[in-house]
Amino acid sequence: MRRVALALLASVALAGCVQTRQYADVEFTPPQGNYKLLVMRPDVSVGSVTTGGMVEPRADWTEQARANFLTALRAQQAERGGNVFIMEKRESLEGVDADTVAELERLHYAVASSIALHRYSGAYLPTKRSKGLDWTLGEEAVALGKRTGYDYALFLYAEDSFASTGRVALQVLGVAGCFVGFCAPNIGGAGQFGYASLVDLRTGEVVWFNVSQASSQIAGIKFGDIRTPEGAAQMVDRLLARMKPGRNVQRRAEAK
C-alpha cells in the first residue's frame, strides 16, 4: 500500500493540499437503522522522513496514533447508531481466532491496494468502467458474517510521516540559497494517506471506499497530526463523516 500511497501523494501538486474522494457500489445505500457493524483493527503506520527522504517507521508514534484512532472511532460511531463493535486487537472478536482475522486483513489489503491503484491513480481497468465499485473479498468475508452475525465490516488504513530536523534544515538551506542567486530543487516535506473501506458481509462485496490524501512540497507543513487526539479525529472525520450513496440510488432520489 505504501507504493500506491506514494504514487497518489505525488499527484497532489499544491504545497499543502488535502483531498478526499469516495466511490460506492451503484446500488449502495449507507447503513441505517439497527445494522450490525464490525470495525476491524485500524492499520496505522507513522514514520519520520529522514534527511535523505526515506521514511523510517516509528513504533512509538504508530502505537500512539492507533490508540488515538480507536478513541476517535468510538466517538464517531457513537453518533451513527447501529450495533457497532470496534476491534482493538485481532483476538478481541469472540469465537474468531486471530489467524482468521489476520488472513482477512491480508486479503482486504490486497483488494484495497487494487482499488486505490485502479480507481485513484489513473490506471483504470476497462472491465471496471461505469461499475462504481466491483471488488469482493469473496467467501472469507461471507463466512465471517455468518459466524459473527455482523452485516458489515469497516476497514481503516492510515499512514503519516513527519519531516525530521535534518529534512527541515535541508529545506531551509535550499530556500536560503534563493537569496544568493541559487535555488535548490524543491525536496518535499511529508505526506498523509488513509482510506476507509466498507464490506458487506452478506455478499463479500466492497460496497464503499473513500481515500484521504495529503502532501506538501514544504517540510514542516502538517495536515492534522494523527499522533494527537485532535489530528486522529480530524482524519477519521475526513474518511467517515459522510457516506454518499451509489450512483443509481442518487439518481432515483433526484428523480423524485
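The structure we're discussing is the one just above.
Reference entry: report on the structure contained in this document. These numbers were taken from a predicted model, which means no experiment stands behind them.

### Comments concerning the packing of aromatic side chains
On inspection of all chains with the given rule, the structure shows four aromatic pairs. Ring geometry for Tyr 157 versus Tyr 195: centroids 5.4 Å apart, planes at 10 degrees, classification stacked. One end of the pair, Tyr 157, is in strand β6 (residues 152-163); the other, Tyr 195, is in strand β7 (residues 191-200), and 38 residues separate them in sequence. Assessed through its relative accessible area of 6%, Tyr 157 is described here as buried. Between Tyr 195 and Phe 209, the aromatic rings sit 5.1 Å apart at their centres with planes inclined by 25 degrees, giving stacked as the arrangement. In this pair, Tyr 195 is assigned in strand β7 and Phe 209 in strand β8 (residues 206-216), connecting sequence segments 14 residues apart. For the residue pair Tyr 195 and Phe 209, the accessibility class agrees, reading buried in each case. Taken together, Tyr 109, Tyr 157, Phe 193, Tyr 195 and Phe 209 form an aromatic cluster joined through their ring pairs. One Lys or Arg, Arg 58, reaches over the ring of Trp 61 and ends 4.0 Å from the middle of that ring. Geometry around Trp 61 places Arg 227 over its ring, the cationic atom sitting 4.3 Å from the centre.

### Some details on the layout of surface pockets
The computed volume of the second largest pocket comes to approximately 200 Å³. Sorting the residues of the lining of the second largest pocket by element identifies α3 (98-120) and β6 as the ones contributing at least two each. Along the lines of polarity and charge, the residues of the lining of the second largest pocket split into six nonpolar, one polar and five charged.

### Some points on the packing of α3 against helix α4 (residues 139-148)
Closest axis-to-axis distance for the α3/α4 pair is 10 Å, and the angle between their directions is 140 degrees. Taken as axis vectors, α3 and α4 run oblique relative to one another. Crossing of α3 against α4: the hand is left-handed. Contacts from Thr 100, Glu 103, Leu 104 and Leu 107 of α3 reach α4 at Glu 140, Ala 141, Leu 144 and Arg 147. Per-class residue counts for the contact of α3 with α4 are four nonpolar, one polar and three charged.

Parameters and conventions
Residues numbered from 1 in each chain as written. Predicted model: local features only at pLDDT ≥ 70, side-chain atom pairs only at ≥ 80, totals over all residues. Heavy atoms only, no water. Phe/Tyr/Trp six-rings, centres within 6.5 Å; stacked < 30°, edge-to-face > 60°. Helix = DSSP H or I, 4+ residues; strand = E, 2+ residues; numbered from the N terminus. Buried < 20%, exposed > 50% of the residue type's maximum accessible area, 1.4 Å probe, protein only. Lys NZ or Arg CZ within 6 Å of the ring centre and 35° of its normal. 1 Å grid on protein atoms, 1.4 Å probe; cavity = no way out; pocket = protein on both sides within 12 Å on 5 of 7 lines; lining within 4 Å. Points joined across faces, edges and corners; volume = space filled by probe spheres on them. Nonpolar A, V, L, I, M, F, W, Y, C, P; charged D, E, K, R; others polar. Axes fitted to C-alpha atoms, helices over the stretch in contact; angles between N-to-C directions. Parallel < 35°, antiparallel > 145°, perpendicular 65-115°, else oblique. Left-handed = near helix turned anticlockwise from the far one by under 90°. Contact = heavy atoms within 4.5 Å.

Read these as geometric descriptors, not functional statements.
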